[in-house]
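Structural description and commentary
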Amino acid sequence: MSSEEREVAYSPSSCIGGDYAPFVAAYRDRSAKAREDLDGWCEHRYGPAPAQRLDFFPAADGGGPVPLLVFIHGGYWQELSKGDSSFPATVWVGRGVAFAALGYTLAPAASLGEIVAECRRAVGWLHENATDLGVDASRIVVAGSSAGAHLAAMVAVPGWHQAAGLPDDLVAATVLISGIFDLEPLVGTSIAEPLCLTDQDVADLSPARLQLANSPPSIVCWGEVETDEFKSQSLDFAARLDEVGTSCTSFEVVGRNHFDVVLELADTGARIGREVASALRLSEEV
């Protein structure tokens, strides 16, 4: 495809008439309500930079150690924040699951490599502080939507943990919603300009191009109302995981688009919610 064609193919709002602002407003409003309604949540620093913060919500039952669901927001690495990302907390903390929404420095203030390093550092911090947080370090599930799914995959991909002093099984499972796993098609589009993507970035920061053997079990899903390229990104990545023998469940969510499919992360009756409950190894049915 030409760069113009790729510009459209990687514009998820092209499937919904171009206006995704109402969905962002829904994230923000639901997240604000979660922070208002839930007791005991607090912000933690995982690094010195202003955006290196996460919001942590302890499980409602107060017992421990409990599983942890970590959410990494999307926004093409350039938009949104942890403040827009707390909306799944209410349903999960009520099921005995801790929840964390990660913040990270947005492009162009940070390169994509730096953003990946921040997300790895954040999940590492949660693992290292699991005891104090009442979390079962063996049941950390990392979820992400769109660019956040790319970052979740980069946290889970093998090969970097030992140098960081972290276990290879840091992540018990991933939930990758409407992600981008091969960065090459973005090169030459306006999306890539703030990221200053290079050929080396494509090679080093595309999960689909990395060694995936021994990756954690993965849930790969996407909305029915998405561009063909976004669907192909998920289908191809799921196939790569299958090729290396990684347990991978992949599916399309009927009636959902790129922006509202993530809301099913906050619905334990939806398939995404049920798959997450299974990944968290919850003893009760949800």
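The structure we're discussing is the one just above.
Throughout what follows, the structure given in this document is the object of discussion. (Residues numbered from 1 in each chain as written. Predicted model: local features only at pLDDT ≥ 70, side-chain atom pairs only at ≥ 80, totals over all residues. Heavy atoms only, no water.)

Right, let's get into the packing of helix α4 (residues 112–128) against helix α6 (residues 147–156). Between α4 and α6, whose axes approach to 9 Å, the crossing angle comes to 65 degrees. Two packed elements cross with a definite hand, and for α4 against α6 that hand is right-handed. Here Leu112, Ile115, Val116, Cys119, Arg120 and Val123 of α4 come into contact with α6, specifically with His150, Leu151, Met154 and Val155. Across the contact of α4 with α6, the residue classes tally to eight nonpolar, one polar and one charged. (Axes fitted to C-alpha atoms, helices over the stretch in contact; angles between N-to-C directions. Helix = DSSP H or I, 4+ residues; strand = E, 2+ residues; numbered from the N terminus. Left-handed = near helix turned anticlockwise from the far one by under 90°. Contact = heavy atoms within 4.5 Å. Nonpolar A, V, L, I, M, F, W, Y, C, P; charged D, E, K, R; others polar.)

Our next topic: the packing of aromatic side chains. Evaluation of the coordinates by the stated rule reveals nine aromatic pairs. Note on Tyr27 and Phe87: the rings are 5.6 Å apart at their centroids and 20 degrees apart in plane angle, and the pair reads as stacked. Taken together, the residues Tyr27 in helix α2 (residues 21–37) and Phe87 in the loop between β3 (66–72) and α3 (89–93) connect sequence positions 60 residues apart. Residue Tyr27 shares its accessibility class with Phe87, and that shared class is buried. Grouped by ring-pair contacts, the aromatic residues Tyr20, Phe23 and Phe259 constitute a single cluster. (Phe/Tyr/Trp six-rings, centres within 6.5 Å; stacked < 30°, edge-to-face > 60°. Buried < 20%, exposed > 50% of the residue type's maximum accessible area, 1.4 Å probe, protein only.)

Along the chain, Asp260 falls in the loop between β8 (248–257) and α9 (271–279). Looking at Asp260, the relative accessible area reads 12%, which means it is buried. At 2.7 Å, the side chain of Asp260 forms a polar contact with the backbone nitrogen of Asn257. (Polar contact = N/O pair within 3.5 Å; in protein donor to acceptor, adjacent residues only side chain to side chain.)

Right, let's talk about α2 for a bit. The end-to-end C-alpha distance of α2 is 24 Å, a good match for the 24 Å that 17 residues give at a rise of 1.5 Å each. Buried residues of α2: Val24, Tyr27, Ser31 and Ala34, and no others. Mapping the buried residues of α2 onto a view down its axis gives an arc of 90 degrees, with all of them on the same face. Exposed residues pointing more than 90 degrees away from the buried face of α2 are listed as Asp29 and Glu36. (Expected span 1.5 Å × (residues − 1). Arc of directions from axis to C-beta.)

Here we take up the environment of Pro194. Its place among the elements puts Pro194 in the loop between β6 (173–177) and α7 (199–205). C-alpha of Pro194 to C-alpha of Asp267: the two residues are 73 residues apart in sequence and 34 Å apart in space.

Counting 65 residues, the largest nonpolar core has Trp77, Leu126 and Leu186 as the members making the most contacts within it. The residues contacting Leu126, other than those within four sequence positions of it, are Leu54, Phe56, Leu68, Val70, Ala100, Leu102 and Leu133. Counting 34 residues, the second largest nonpolar core, distinct from the first, contains Leu38, Ala89, Val93 and Ala101. (Core = buried A, V, L, I, M, F, W, Y, C linked by side-chain atoms within 4.5 Å.)

Within the secondary structure, Gly40 is located in the loop between α2 and β1 (42–45). Placed 83 residues apart in sequence, Gly40 and Val123 show a C-alpha to C-alpha distance of 20 Å. Discounting chain neighbours no more than four positions away, the residues touching Gly40 are Phe56 and Pro58.

We now examine the pairing of β8. Here strand β7 (residues 218–225) pairs with β8 via seven bridges, running parallel. Bridge pairing in β8 links Cys221 to Phe251. Considered for its hand, the β-α-β crossover made up of β7, helix α8 (residues 228–243) and β8 is right-handed. (Pairing = 2+ DSSP bridges. Right-handed = clockwise from strand over helix to strand, strands pointing away.)

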